[in-house]
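Spelled out, the chains give:
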Amino acid sequence: MKVGVPKEIKTHEYRVGLTPGAVREYVAAGHTVLVETGAGAGIGAADDGYRKAGARIAESAREVFSSSEMIVKVKEPQPSEWTQLRENQILFTYLHLAPDPEQAKGLMKSGCTAIAYETVTDAHGGLPLLAPMSEVAGRLSIEAAGAALKRYAGGRGLLIGGVPGVQPARIVVIGGGVVGTHAARMAAGLGAEVTILDRSIPRLRELDELFEGRVRTRFSTIDAVEEEVFAADVVIGAVLVPGASAPKLVSRGMLSSMRKGAVIVDVAIDQGGCFETSRATTHAEPTYEVDGVIHYCVANMPGAVPLTSSQALNNATLPFGLALANKGFAAVLENPHLRAGLNVYRGRLTYKAVAESLGLPFSPIDQAAA
């Protein structure tokens, strides 16, 4: 198969769909890989490195899109990219369609087969292609919160871990999944006072055992969320409903009862955000203030550490990408985990949660492929 890797064009996105090491695996499996010139610059991978791995270098994204049977990316395609997709072409990348009707309609119009990293599953019911970036984003969320808490950034002027004799920051993590666990690990490691809210009692038990009492766990109710958020210096939004829009757990009205200079980090912003006042920001302008509360809502947080992120992502996506390259769409039909990743097929939405979030018709894969 002809596999194409365009350079990412989203603001301050430095990751790359395939590293040179991953390209070498595709080439060894008998596939042709076309990489846009400069695509790996953000991770320090020059064109020559890709050539040595067996790739051909394209002078433009248009050449990559027009010549490839499968496009491997990191972030969701931008308008100039989805208009270049075509029928019978496979797109393998993060999509996050639920809060993005324009992209969904663009992909449907193209007729392509779009497989979303974030909904591919594994035998344990996990999301193996979302997990590595969730790990990175969870850890980065605490770094971002620490920067935003500084007084010159508009925050309360707190050091997350405090110092002897001075109380540390109080950090509340809403959601005990991968993002929340890694955020709590970083925060606790720095000496913060950490609480995790979740609605799964079994998960709260796991977290209590994992952190051995160093992190408080609390069942998430409306009362509990209000009590914790109002007393927090930092609130990390780490809620995930696979494929669907994130639920809004902190309303605009609640901000007035929060501490002035407190920080919200919405890691769920790719799925629309879990705070009512969230709107996507970029690494160029990562924060804004609403009612005295600092909001950090960067939609591609792992893009800030592209070398770590690209390597972690490629480790996870490689077996699935090779399966698609080896068998094409047949791999989707044969592999239930890849089938779970299918969001758009020949103009139809094939992922129920996405269709429901967008208010558009849902076509099960059996019907769409008929």
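Before any of the text, the structure's been laid out above.
Position numbers for residues count from 1 along each chain, tracking the sequence in the order it is written. With pLDDT at 70 or above as the cut-off, local features in this predicted model cover only qualifying residues; side-chain atom pairs require 80 or more to be listed or tallied, and sums for whole chains, interfaces and linings still use all residues. Remark: hydrogens and water are excluded; side-chain values derive from all non-hydrogen atoms of the structure.

Turning next to the sheet that holds strand β13 (residues 293-296). Spatially, β9-β8-β7-β10-β11-β13-β12 is the arrangement adopted by the seven strands of the open sheet, whose pairing is mixed. Edge positions in the open sheet fall to β9 (216-219) and β12 (287-290), since each of these has one partner strand only. Averaged over all pairs of adjacent strands, the angle between strand axes in this sheet comes to 20 degrees, irrespective of strand direction. Note: two strands are recorded as paired if DSSP finds a minimum of 2 bridges between them. For the purposes of this entry, the term helix denotes a DSSP run of H or I that reaches at least four residues, the term strand denotes a run of E that reaches at least two, and both are numbered from the N terminus. With four bridges joining them, β12 and β13 adopt antiparallel strand pairing. When the bridges of β13 are listed, Val290 appears paired with Val293. Seen against the sheet, helix α6 (residues 131-149) touches β7 (170-174), β10 (234-237), β11 (263-266) and β13 and runs at an angle of roughly 150 degrees to β11. In this analysis an axis means a line fitted to C-alpha atoms, helices contributing only their contacting stretch, and an angle means the value between N-to-C directions, from 0 to 180 degrees. The contact definition used throughout considers only heavy atoms, calling two residues in contact when any of these lie within 4.5 Å.

This paragraph deals with helix α1 (residues 20-28). Within α1, burial applies to Ala22, Val23 and Tyr26. One side of α1 holds all its buried residues, which, seen down the axis, span an arc of 105 degrees. Residues of α1 that are exposed and point more than 90 degrees away from the buried face comprise Arg24 and Ala28. The secondary structure elements touched by the buried residues of α1 are β1 (2-5), β2 (32-36), α2 (47-53), β4 (70-72) and α11 (306-327). Within two residues after α1, Gly30 carries a phi angle of roughly 95 degrees, on the positive side. Each residue gets one of three labels from its accessible area relative to the maximum for its type: buried under 20%, exposed over 50%, partly exposed in between, using a 1.4 Å probe on protein chains only. By definition, the arc is the one covered by directions from the helix axis to the C-beta atoms.

It is worth spelling out the layout of surface pockets at this point. Of the voids in this model, the largest pocket is the one considered here, and its volume is about 890 Å³. For the largest pocket, the lining is made up of 48 residues, of which Val179, Ala238, Val239, Leu240 and Ala268 are closest to its centre. Every element with two or more residues in the lining of the largest pocket is listed here: α6, α7 (178-189), β8 (193-198) and α9 (222-231). Residues are sorted three ways: Asp, Glu, Lys and Arg are charged, Ala, Val, Leu, Ile, Met, Phe, Trp, Tyr, Cys and Pro are nonpolar, and all the rest, Gly among them, are polar. Its residues assigned to classes, the lining of the largest pocket shows 26 nonpolar, 14 polar and eight charged. Only protein atoms enter the calculation, which uses a 1 Å grid: trapped sets of points that fit a 1.4 Å probe without letting it out are cavities, open sets showing protein on both sides within 12 Å along at least five of seven lines are pockets, and any residue with an atom within 4 Å of a point is a lining residue. Grid points are joined across faces, edges and corners, and a volume is the space filled by probe spheres set on the points. Of the voids in this model, the second largest pocket is the one considered here, and its volume is about 240 Å³. When its residues are assigned to classes, the lining of the second largest pocket shows five nonpolar, seven polar and five charged.

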